[in-house]
Amino acid sequence: WPARETKTKAEQRLLRKAMEITEAGMARGIELLRKSQPGKGGKLEWSGKVLTSEILCAEIDSAILRAGGLPANTIVAGGEQACDPHERGHGPLKANSLIILDIFPRSATSGYYGDMTRTVIRGKASDAQRRLWETVNAGQALALKKMKPGVDGLKLHLEIKQFFADQGYPTEIRDGRQTGFFHGTGHGLGLEIHEFPRFQKTTFKVGQVLTVEPGLYYPGLGGVRTEDVVALTKSGVRMLSRFENRLEI
C-alpha cells in the first residue's frame, strides 16, 4: 500500500493521540518503579510484594486501557533479559539494574499505533551502565539530527553502528550470542506496528513517520534501547514523542 508510506497532517494528529496513550502507560510504569523499594536479594518490592515484570506490565496495560488504547505484548525486561530485544520479560525486577520498557498500544478509536521505549534504573547506575545509556542516546541524537528528505536510511543506520563501535561498543558475536547493535534503527508506524518503510530500506521523504530506536546489548552489563517517533518534514524531523528520558528513577 504505497499510499501509507507517508502520513497526512490529519494522520499525524491521530498518531500523536496514539502516542499520548503510549505515554500514559509509560508514566504508570515509571510511577510504580519510583514507588518500589529494594528488598531481599535486591528484588524490588511494591505494595507488599515482589515487583515482577508481569505485575508492572499489567499496571502499564491497565493505564493504556483507561487512556483509550489496546495494549499488546508490552515489554518489561530487566537485567540479562534486556539483552534480548524480543524478550517480553518475566520474574522479579531488581534494583540498580537496567530495565527496558517498550510500549506499543493501538488507539481503540483510530486504529493507529504508538510506540516508545525507555530504559531506566530504580536506584543507582554504575559508571558502565550510565555510559552505555548515554551512548545509545547519543546514537539516537545523531540519527535525529541527520534524518532529512533525500538521506539514505541504510547509510545512516551504518553510521550509527560505526559510532557505537568507535565508542567501544562493537557489534559482534560473543560466547555464541549477538552483542552490540544488531537490530534495525527504526520502522514505519501507522495502522500496523511495523509498517512500510523500514528505516534502513528507504530514502527519507516528507510525511514519513518512523520510530528511531537504536540499542546496545551486552550480557553481564544489560541492554539499553531508546525509542521515539518522528515525522519527516522538509527540513528534518518533528517529534511525535514528548515523554522525558531519564536513567535513574
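Refer to the structure above for everything that follows.
Notes on the structure follow. (Residues numbered from 1 in each chain as written. Predicted model: local features only at pLDDT ≥ 70, side-chain atom pairs only at ≥ 80, totals over all residues. Heavy atoms only, no water.)

1. Digging into the overall build of the protein
Definition in use: In DSSP terms, a helix is any run of H or I states spanning at least four residues, a strand is any run of E spanning at least two, and both are numbered starting from the N terminus. Here the radius of gyration uses the C-alpha set of atoms, whereas the globule reference equals 2.2 Å times the residue count to the power 0.38. Exposure is judged per residue with a 1.4 Å probe applied to protein chains only, and the accessible area is read against the type maximum: over 50% gives exposed, under 20% gives buried, and values in between give partly exposed. Contacts are assigned to residue pairs that have any heavy atoms within 4.5 Å of one another. Accessible areas in this description were obtained via Shrake-Rupley with a 1.4 Å probe; residue shielding takes into account the shown protein chains only. A positive count includes Lys and Arg, and a negative count includes Asp and Glu. His and the chain ends are not counted in either. In plain terms, the charge of a residue is placed at NZ if it is Lys, CZ if Arg, CG if Asp and CD if Glu.
A count of helical and extended segments in the protein gives 4 helices and 17 strands. By the compact-globule yardstick of 18 Å for 249 residues, the protein fits well, its C-alpha radius of gyration being 18 Å. In the protein, which comprises 249 residues, the proportion classed as buried is 52%. The long-range fraction of contacts in the protein, counting pairs at least 24 apart against all pairs at least 6 apart in sequence, stands at 66%. In the structure as shown, the protein presents an accessible area of about 11100 Å², 53% of it carried by carbon and sulfur atoms. On the protein, the mean spot of the 36 positive side-chain charges and the mean spot of the 28 negative ones are 4 Å from each other.

2. What to know about the sheet that holds strand 5 (residues 75–78)
The line we're drawing: One bridge is not enough; two strands pair if DSSP finds at least two bridges between them. In this analysis an axis means a line fitted to C-alpha atoms, helices contributing only their contacting stretch, and an angle means the value between N-to-C directions, from 0 to 180 degrees.
Read across the sheet, 3 strands follow the order 5-6-8 without closing on themselves; strand pairing throughout is antiparallel. A strand with exactly one partner marks an edge of an open sheet, and here the two such strands are strand 5 and strand 8 (116–120). Strand-to-strand twist in this sheet, taken as the mean axis angle between neighbours without regard to direction, amounts to 10°. Here strand 6 (residues 99–103) runs beside strand 8; their pairing, made up of 5 bridges, is antiparallel. Looking at strand 8, one finds that Asp-102 is bridged to Thr-117. The strands touched by helix 2 (residues 53–66) within the sheet are strand 5 and strand 6, with strand 5 carrying the most contacts at an inclination of about 150°.

3. A few points about the environment of Ala-27
Positionally, Ala-27 belongs in helix 1 (residues 9–35). Residue classification places Ala-27 among the partly exposed positions, given a relative accessible area of 33%. Separated by 33 residues in sequence, Ala-27 and Ile-60 have C-alpha atoms that sit 8.2 Å apart.

4. Side note on the sheet that holds strand 1 (residues 37–38)
Sheet architecture is open: 3 strands sit in the order 1-2-3, paired in antiparallel fashion. Lying at the two open borders of the sheet, with one neighbouring strand each, are strand 1 and strand 3 (49–50). Strand direction decides the pairing type here: strand 2 (residues 44–46) and strand 3, joined by 2 bridges, are antiparallel. Within the sheet, the bridge partner assigned to Glu-45 lies in strand 3 and is Val-50.

5. Concerning the side chain of Thr-74
The following threshold applies: Any N or O atom pair separated by 3.5 Å or less is treated as a polar contact, with the protein-specific requirement of one donor-capable and one acceptor-capable atom, and with residues adjacent in sequence counted only for side-chain atom pairs.
The topology assignment puts Thr-74 in the loop between strand 4 (69–70) and strand 5. Given a relative accessible area of 2%, Thr-74 falls into the buried group. A polar contact of 2.7 Å, which involves the side chain of Thr-74, links it to the side chain of Asp-61.

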